[in-house]
Amino acid sequence: MDDRTYHFLAELLDAFLWGGELVGNENLPDHGPAVFVSNHVGSLGPIAAMASLPLRVYPWVIGDMLDADKAPAYLNMDFVEKQFHLRPPLSLWISKALSKITVPLLRSAGCVGVWQGEALLDTYRVSANLLAEGKCLLVFPEDPKQALNEEYQMSPFQKGFVHLGEFFYKQTHQCLRFYPLVVHVDSSRVKVGRPIAFNPINPAHRERARIRTVLEAMIHEMYISMTMEGYQGIPLPH
């Protein structure tokens, strides 16, 4: 998929599924390489992020979503049954039909599969190559195995995505920038924060923890501030 087609599809997503506002534009880079790190907020988060960002991004997606044989089961578990509250066999039929559309669409959009075990190295290699070409990635590092924090509407971050800084530095000797991104559904806004850069001088394990912790804290703070801004518009009772 070329950039023109990508941006056309992003405009369709914005018009029919999101229709929100992008704030923090002054923090956007003029071009890549960059990694946007976002909260997920269910299936709407990736749609809102891609519809809002003026730059083309290459999202990380669960590897099964790019596999025609595995996608129906994953869609059934993660989307159809959760969103539509359906059960087999109807949910499976719908998931199989959806996968006929989603798999080729995600592949065409350049989504990067996040695989398990040793295959995860392929995720990092593909991602580092895209970054070296000046592309932008979009990652959603929440850990689905951990509980959702109701205040921030997100789960704690995993830190595996920070390996991108290491792979990119080894390949280019440049420091990768990570941009916090917040999808705030209630206010229909997506906000971009100031970036933080990978520091190759720090020990790798400490740098992974630092970037994960700082980005998570920044996204928490941005989310709360956006929530409070929404409350300011509610009139006081008489």
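Look up a bit, the structure's there.
Thresholds, definitions, all that
Residues numbered from 1 in each chain as written. Predicted model: local features only at pLDDT ≥ 70, side-chain atom pairs only at ≥ 80, totals over all residues. Heavy atoms only, no water. Helix = DSSP H or I, 4+ residues; strand = E, 2+ residues; numbered from the N terminus. Buried < 20%, exposed > 50% of the residue type's maximum accessible area, 1.4 Å probe, protein only. Contact = heavy atoms within 4.5 Å. Areas by Shrake-Rupley, 256 points an atom, 1.4 Å probe, with all protein chains shown as cover. Lys, Arg positive; Asp, Glu negative; His and termini not counted. Charge placed at Lys NZ, Arg CZ, Asp CG, Glu CD. Polar contact = N/O pair within 3.5 Å; in protein donor to acceptor, adjacent residues only side chain to side chain. Pairing = 2+ DSSP bridges. Axes fitted to C-alpha atoms, helices over the stretch in contact; angles between N-to-C directions. Parallel < 35°, antiparallel > 145°, perpendicular 65-115°, else oblique. Left-handed = near helix turned anticlockwise from the far one by under 90°. Nonpolar A, V, L, I, M, F, W, Y, C, P; charged D, E, K, R; others polar. Core = buried A, V, L, I, M, F, W, Y, C linked by side-chain atoms within 4.5 Å. Patch = residues over 30% accessible without salt bridge, like charges linked within 9 Å, V, L, I, M, F, W, Y side chains within 5 Å. Salt bridge = Lys/Arg side-chain N within 4 Å of Asp/Glu carboxyl O. Phe/Tyr/Trp six-rings, centres within 6.5 Å; stacked < 30°, edge-to-face > 60°.

Can you lay out the overall build of the chain for me, pointing to particular residues and giving the numbers?
Along its length, the chain carries 7 helices and 8 strands. The buried share of the chain, reckoned over its 238 residues, is 42%. Sequence-distant contacts, at least 24 apart, represent 70% of the contacts inside the chain between residues at least 6 apart. For the chain, the accessible surface area stands at approximately 13,100 Å², while carbon and sulfur atoms represent 57% of it. For the chain, the centre of its 21 positive side-chain charges and the centre of its 25 negative side-chain charges are spaced 6 Å apart.

Run through the environment of R125, naming residues and quoting values.
Structurally, R125 can be placed in helix α5 (residues 120-132). Look at R125 and you get partly exposed, because its relative accessible area is 45%. Separated by 87 residues in sequence, R125 and S38 have C-alpha atoms that sit 21 Å apart. Side chain to side chain, R125 and D122 meet in a polar contact 3.2 Å long.

Lay out the pairing of strand β7 (residues 189-192) in plain terms, naming residues and giving numbers.
By the bridge criterion, 3 bridges tie strand β1 (residues 21-23) to β7 in an arrangement that is parallel. Residue pairing across strands places L22 opposite V190, the latter belonging to β7. Across 4 bridges, the pairing between strand β6 (residues 177-184) and β7 is antiparallel. Note on β7: the bridge partner recorded for L181 is V192. With antiparallel pairing between neighbouring strands as the criterion, β6 and β7 make up a hairpin whose turn holds 4 residues, including S188 at a positive phi of roughly 55°.

So what's going on with the packing of helix α3 (residues 71-84) against helix α4 (residues 90-108)? Which residues, and what values?
Here α3 crosses α4 at 110°, and the two axes come no closer than 8 Å. Relative to α4, the element α3 is oriented roughly perpendicular. Here α3 and α4 pass one another in a crossing that is right-handed. Contacts between α3 and α4 involve A71, P72, L75, N76, F79, V80 and E81 on the former and, on the latter, S91, L92, I94, S95, K96, L98, S99, T102 and V103. Classifying every residue of the contact of α3 with α4 gives 9 nonpolar, 5 polar and 2 charged.

Can you lay out the nonpolar core for me, pointing to particular residues and giving the numbers?
Formed by 29 residues in total, the largest nonpolar core has its most connected members in V35, V37, W60, L137, F161, F178 and I211. In this view, W60 contacts V112, V114, T123, Y124, S127, L137, L138, V139, F161 and L164; residues no more than four positions away in its chain are not counted. Membership of the second largest hydrophobic core comes to 21 residues, among which are W18, M50, A51 and Y179.

Explain a nonpolar patch on the surface to me, and be specific about the residues and the numbers.
Taken together, the side chains of F8, L12, F16 and L17 define a hydrophobic patch exposed on the protein surface, amounting to about 450 Å² of accessible area. Note that F16 resides in helix α1 (residues 3-18).

Tell me about the packing of aromatic side chains, residues and numbers included.
This structure, assessed with the given rule, holds 5 aromatic pairs. Here the aromatic rings of F157 and F161 are separated by 6.5 Å at their centres, their planes lie at 85°, and the arrangement is edge-to-face. Judged by centre distance (5.9 Å) and plane angle (70°), the ring pair of F161 and F178 falls under edge-to-face. Here F161 is found in the loop between β5 (136-139) and α6 (163-172), whereas its partner F178 is found in strand β6, with 17 residues between them in sequence. Considered together, F161 and F178 belong to a single accessibility category, that of buried residues. In textbook terms, an aromatic cluster arises when at least three aromatic residues are bridged by ring pairs, as seen for W60, Y124 and F167.

Tell me about the side chain of R56, residues and numbers included.
When you line up the elements, R56 lands in the loop between α2 (44-52) and β3 (57-62). There is a polar contact of 3.1 Å between the side chain of R56 and the backbone oxygen of A109. Those residues in contact with R56 that lie beyond four places of it in its chain are M1, D2, D3, Y6, H7, S108, A109, G110 and C136.

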